[in-house]
Amino acid sequence: MNTPDKTDQPITIIGGYLGAGKTTLVNHLLRNANGLKLAILVNEFGELPIDADLIEAEDDNLISLAGGCICCSYGNDMVAALMELSQMHPKPDHVVVEASGVAIPGSIAGSVSFLDGFSLDGILTLVDAYTLLEKASDTYLSDTILRQLSDSNIILLNKVDLIGAPALEEVQNWIAEHAPQAQIIQTQNAKVPLAVALQRHDSFSTEHASSQVQHIEGFETEFLSIEKPVDAYSYGTKLIAKHPHLVRAKGFVRDVSGMMKTIQIVGKRLDIHDAPQGVKQGIVLISQKNIPSM
Amino acid sequence: MIKIFKAKKILTMNPAQPEAEYVAVRYGTILGAGSLDALKGWGEHEIDETFADKVIMPGFVEGHAHTMEGTLWRHVYCGYFDRMDPDGKIWPGIKSKEGVLERLKEAEQQLDDPDTPLPGWQLDPIYFDNVRITRQDLDEVSSTRPIGVLHASGHIMNVNSKALELGGFLKPGLNHPGIPLGKDGLPEGELRGPDVMTPVGIHVGFGRDMLDCDERGLRDFGKLCVRAGVTTVTDLAARLQEDSVDMMLRITGEDRFPACVVPLRFFHGLTPKELVDHAESLLGQSTQRLRLGRIKIVSDGSIQGFTARMRAPGYYNGAPNGLWYVAPDQMAEIYDLALERGLQVHTHTNGDEATQLAIETLENALKKHPVPNHRFTLQHCQLADAAQLRRMAGLGMCVNFFSNHTFYWGDEHYRLTVGPERAERMNACASALENGIPMAIHSDAPITPLGPLFTAWCAVNRITASGRVQGAHERISVEDALRTITLGAAYTLKMDGEVGSIEAGKRADFAILEDDPTTVDPMALKDVPVWGTVQGGRIFSTADL
Ligand SMILES: [Zn+2]
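All of these numbers come straight from a predicted model, not from anything done at the bench.

### Topic: a negative patch on the surface
A surface patch of like charges, here negative, comprises E58, D59 and D60 of chain A together with E242, D243 and D246 of chain B. Considering every element that reaches the negative patch, the biggest residue donor is helix α8 (residues 242–252) of chain B, with three residues. With respect to the secondary-structure elements, E58 of chain A resides in strand β3 (residues 55–58). Among the residues examined, E58 of chain A registers a relative accessible area of 55% and is labelled exposed.

Next comes the structure, spelled out in structure tokens:
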């Protein structure tokens, strides 16, 4: 694996079978990019409903969008498309690859591993809460769906509004059993905060925390300001315990040792490391709202 | 101007008169076959004795090939079997790793500039105990120029250190199943899978547009057609971008281009609607020698690469099931739209699960759009069982089997991929004919050499490379095989009304043979020499190419 370095462009792979909401998610990300220059790689342009006023220029394989975002179709050869992308100036901040409906995201991640200039940010697979169990028992599809899920870091259990609480619980449990490694996040219309979908770019400066935080339906964002030094590890552990629906947290604390530390929480996983220079104390928490209790 | 060709024998494929001695041609169209007396009535004519001692058949129709073979011949041939290049030179097959390196060295010495890449193709190490060619081996050929040798499968490449360096791969720490590492932690030089091949491939002469043929490649491919007796040939997975269509129109339109090319629009990278729209929009650009407006879907991978989709009991060696290259719902949408617009779809299915999906998908689509005479064709369809063939017959589907596989990889299928029972019924020609399924057989050139007589030989004898008969019950007669490589393949392209037999009104497309394939020993069918072809009334001798 290439060691991620600061100049590497992070890549998020978006997987999932047809109809799970991949295109909706891509558009949601574009609409909420908030200054982040996204490069979206899609298999084909077909159903990408990009608002006409966002499109600045269009040619056969590339659409330039407002805010410095671009969208390319890679057709047959994703590696070649990424190699072309790596030559682009200015460099996009984050690359999002929309996999085809039957692609195995893990093999795309494998390709990212040998490409210079890129590193994998994560694999996010969408599933349609309403049809997942049916697809997962389909003669032709079941093994493909299972492979997609077991490759994922994040599974967006999408369209949760279409089914009732008992059915939702059944799907959620089924996913948890078959993809225990993944964090499951419930969404409607694939609406997920950018900081959750694209992990490397949840960076923020604590001064502007509230303005940078997105308000996405179904999610709740809190900003905790911290005055005193804390024990970073026990502080993080307590956050996880106190916020059962926490999906993501990131911030900086002054440790009892006097050092500034970065605290990151993904689901129930806590990660603590030395903070970059010049940051201020404070933590942003993103939690899911209105989750039926399970 | 009427020309009456005299032949030793004409095999017409017209049941009303299977054999004839003369055929009359006017402006590229057949006026009729038969006796000189019967043909004289057409009026003033000239008798052409060029073929007086030859046997004339309808020009062969290759229903599954890729024009990129024409381009590949500019690279070094590293295959195990003897193979003829566009200029008629027979390159002897290479039987060892040392032989491969030797041939590359010879080619290397022809090159002046030390940076020029040296690409080779058609390596198949299964025939020499899977001995791997390492980057160090290839470094002995040259350490200054990038070298890459593509395997016969098209999915693996062996490269030297320079090529790895240029592709950014000559470094420790790579962790990918397609990049085996040596003891030193650096890549050994074998690259497996298209993704892994791309970054290095572009430096050794295998660019990303490999599927598309270039001008010279297309002309060279035309020469290969003449040498194989082929007058109509598919280019089965073309992207058909504007410039490539323009190029194909220009080259096939040249006075001396000797074949009718039928490119199918490859489905990848387009939505079903875009695909169908594009194929439909190309229809109007069709000419006498370039036929557009058909669609190709690839549904799964290959059997020997263990990427074909298999039903139970799966792979003989226990390998996990293969990969889908099309989503089932996407296939359904393409079938629906294509039937609606009257476009024909050819679908690559290798494993029997892929075949089953195509059958069920078409059955459902036909309930919605009961289109008569759709002629949807399954390409390869290698593992179809008896029940699937019966169902295909019921749906009016056509099949184009990969009969050459029996010879080239039959032993592998028997001992490794699918096991003896299924290996014996692979490419079930006899069963398909028994069920009345319109059938073609193919080479998939460049995967195996273009040569319908060889392909017919495979279907007739079912001999593997090691010399065993595999699946005697699926052998077909020479007569059936000859009809399959002419009228059978023409039917799968909906071109049986214009080519595929020698009858009044059809295009004057002939394969000119030195011997009579119906009287030679069936084991010698592949060795019947091809003198050349006549295409649209124009004569092409292999001697003058
Ligand atoms: Zn093919």
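### Section: the environment of T232 of chain B
Residues and elements named next belong to chain B. With respect to the element layout, T232 can be found in strand β14 (residues 230–238). What makes T232 buried here is its relative accessible area of 0%. When the C-alpha positions of T232 and N400 are compared, they lie 15 Å apart, and in sequence the two are 168 residues distant. Each residue touching T232, except ones within four places of it in the same chain, is listed here: F60, V61, E62, C260, V262, L493, M495, V499, R507 and D509. A polar atom in the side chain of T232 sits 3.4 Å from the side chain of R507.

### Remarks on the packing of aromatic side chains
All names here are of chain B. In the structure shown here, the tally under the stated rule is 23 aromatic pairs over all chains. For the pair W73 and W121, a centre-to-centre distance of 4.9 Å together with 90° between the ring planes defines the contact as edge-to-face. Placement of W73 in the loop between α2 (68–72) and β7 (76–77) and of W121 in strand β10 (residues 118–123) is noted, with a sequence separation of 48 residues between them. Like W121, W73 is buried. Every member of this aromatic cluster is reached through a ring pair, and the members are Y80, F81, Y127, F128, F407, Y408, W409, F454 and W457. Here the guanidinium or amino end of K95 rests over the ring plane of Y80, the centre of that ring lying 3.9 Å away. Over the face of the ring belonging to Y491 we find R375, whose NZ or CZ atom lies 3.6 Å from the ring centre.

### Examining the domain arrangement of chain B
Residue and element names in this part refer to chain B. Entries for chain B in the domain assignment read domain 1 (76–201) and domain 2 (215–500). Between the C-alpha centres of domain 1 and domain 2 the distance comes to 29 Å. Contact residues are listed per partner, giving 14 residues for domain 1 and 13 residues for domain 2. A combined buried area of about 1,100 Å² lies between domain 1 and domain 2, and 58% of that area is made up of carbon and sulfur atoms. Summed over the three residues of domain 1 that lose the most area to domain 2, namely F81, R83 and P86, the buried surface amounts to 42% of that side. At the junction of domain 1 and domain 2, the tally comes to one salt bridge. The partner of D87 in a salt bridge is K223, and the shortest N-O contact between them spans 3.3 Å. Joining domain 1 to domain 2, the criterion identifies eight residue pairs in polar contact (both at pLDDT 80 or more). Mapped by element, the contributors of at least two residues to the side of domain 1 that touches domain 2 are β8 (83–84) and β10. Of the residues belonging to the side of domain 1 that touches domain 2, the class tally is seven nonpolar, three polar and four charged.

### Describing the nonpolar core
Grouped together as the largest cluster of nonpolar side chains are 163 residues, with contacts concentrated most on L41 and I175 of chain A. Counting residues in each nonpolar core, the second largest holds 34 residues, with A33, F45, L156 and V247 of chain A among its members.

### Description of the pairing of β14 of chain B
Residue and element names in this part refer to chain B. Most of β14 is tucked away: nine of the nine residues are buried. Strand direction decides the pairing type here: strand β6 (residues 60–62) and β14, joined by three bridges, are parallel. Its bridge partner being in β14, V61 is matched across the sheet by T232. Two strands pair when backbone bridges link them, and β14 and strand β15 (residues 260–266) are joined in this way by five bridges, in the parallel orientation. Considered in β15, the bridge of T232 is made with C260. Handedness of the crossover joining β14 and β15 through α8 is recorded here as right-handed.

### Section: the side chain of T377 of chain B
Residues and elements named next belong to chain B. Counting through the fold element by element, T377 comes out in strand β18 (residues 377–380). Within the structure, the side chain of T377 is placed 3.0 Å from the backbone oxygen of R375, a separation counted as a polar contact. When neighbours within four sequence positions are excluded, T377 is seen to be in contact with Q344, V345, H346, T347, C398, V399, N400 and T492.

### Section: the sheet that holds strand β10 (residues 219–224) of chain A
Backbone-to-backbone hydrogen bonds pair the strands of a sheet. The strands run either parallel or antiparallel. All names here are of chain A. With antiparallel pairing, five strands are arranged side by side in an open sheet as β10-β14-β11-β12-β13. One side of each edge strand has no neighbouring strand; the edge strands of this open sheet are β10 and β13 (269–274). The mean angle between the axes of side-by-side strands here comes to 15°, regardless of whether they run parallel or antiparallel. Both strand β11 (residues 246–254) and strand β12 (residues 260–266) contribute to a ladder of seven bridges, which runs antiparallel. Across the sheet, G251 pairs through a bridge with I263, a residue of β12.

### A closer look at the interface of chain B and chain A
Taken together, the contact between chain B and chain A spans 36 residues of the former and 32 residues of the latter. Contact between chain B and chain A buries roughly 2,600 Å² in total, counting both sides, with carbon and sulfur atoms accounting for 52%. Across the contact surface, chain B and chain A share two salt bridges. D143 of chain A serves as the salt-bridge partner of R309 of chain B, at 2.8 Å between the closest nitrogen and oxygen. Inspection of the region where chain B meets chain A yields ten residue pairs in polar contact (both at pLDDT 80 or more). Contributions of two or more residues to the side of chain B that touches chain A are made by α6 (194–204), α10 (328–341) and α11 (352–368) of chain B. When residues of the side of chain B that touches chain A are assigned to their parent elements, the largest contribution, five residues, is made by α6 of chain B.

About the thresholds
- Residues numbered from 1 in each chain as written.
- Chains lettered and ligands numbered in written order.
- Predicted model: local features only at pLDDT ≥ 70, side-chain atom pairs only at ≥ 80, totals over all residues.
- Heavy atoms only, no water.
- Patch = residues over 30% accessible without salt bridge, like charges linked within 9 Å, V, L, I, M, F, W, Y side chains within 5 Å.
- Areas by Shrake-Rupley, 256 points an atom, 1.4 Å probe, with all protein chains shown as cover.
- Salt bridge = Lys/Arg side-chain N within 4 Å of Asp/Glu carboxyl O.
- Lys, Arg positive; Asp, Glu negative; His and termini not counted.
- Charge placed at Lys NZ, Arg CZ, Asp CG, Glu CD.
- Helix = DSSP H or I, 4+ residues; strand = E, 2+ residues; numbered from the N terminus.
- Buried < 20%, exposed > 50% of the residue type's maximum accessible area, 1.4 Å probe, protein only.
- Contact = heavy atoms within 4.5 Å.
- Polar contact = N/O pair within 3.5 Å; in protein donor to acceptor, adjacent residues only side chain to side chain.
- Phe/Tyr/Trp six-rings, centres within 6.5 Å; stacked < 30°, edge-to-face > 60°.
- Lys NZ or Arg CZ within 6 Å of the ring centre and 35° of its normal.
- Domains from an automatic or database assignment.
- Buried area = accessible area lost by both parts, 1.4 Å probe.
- Nonpolar A, V, L, I, M, F, W, Y, C, P; charged D, E, K, R; others polar.
- Core = buried A, V, L, I, M, F, W, Y, C linked by side-chain atoms within 4.5 Å.
- Pairing = 2+ DSSP bridges.
- Right-handed = clockwise from strand over helix to strand, strands pointing away.
- Axes fitted to C-alpha atoms, helices over the stretch in contact; angles between N-to-C directions.

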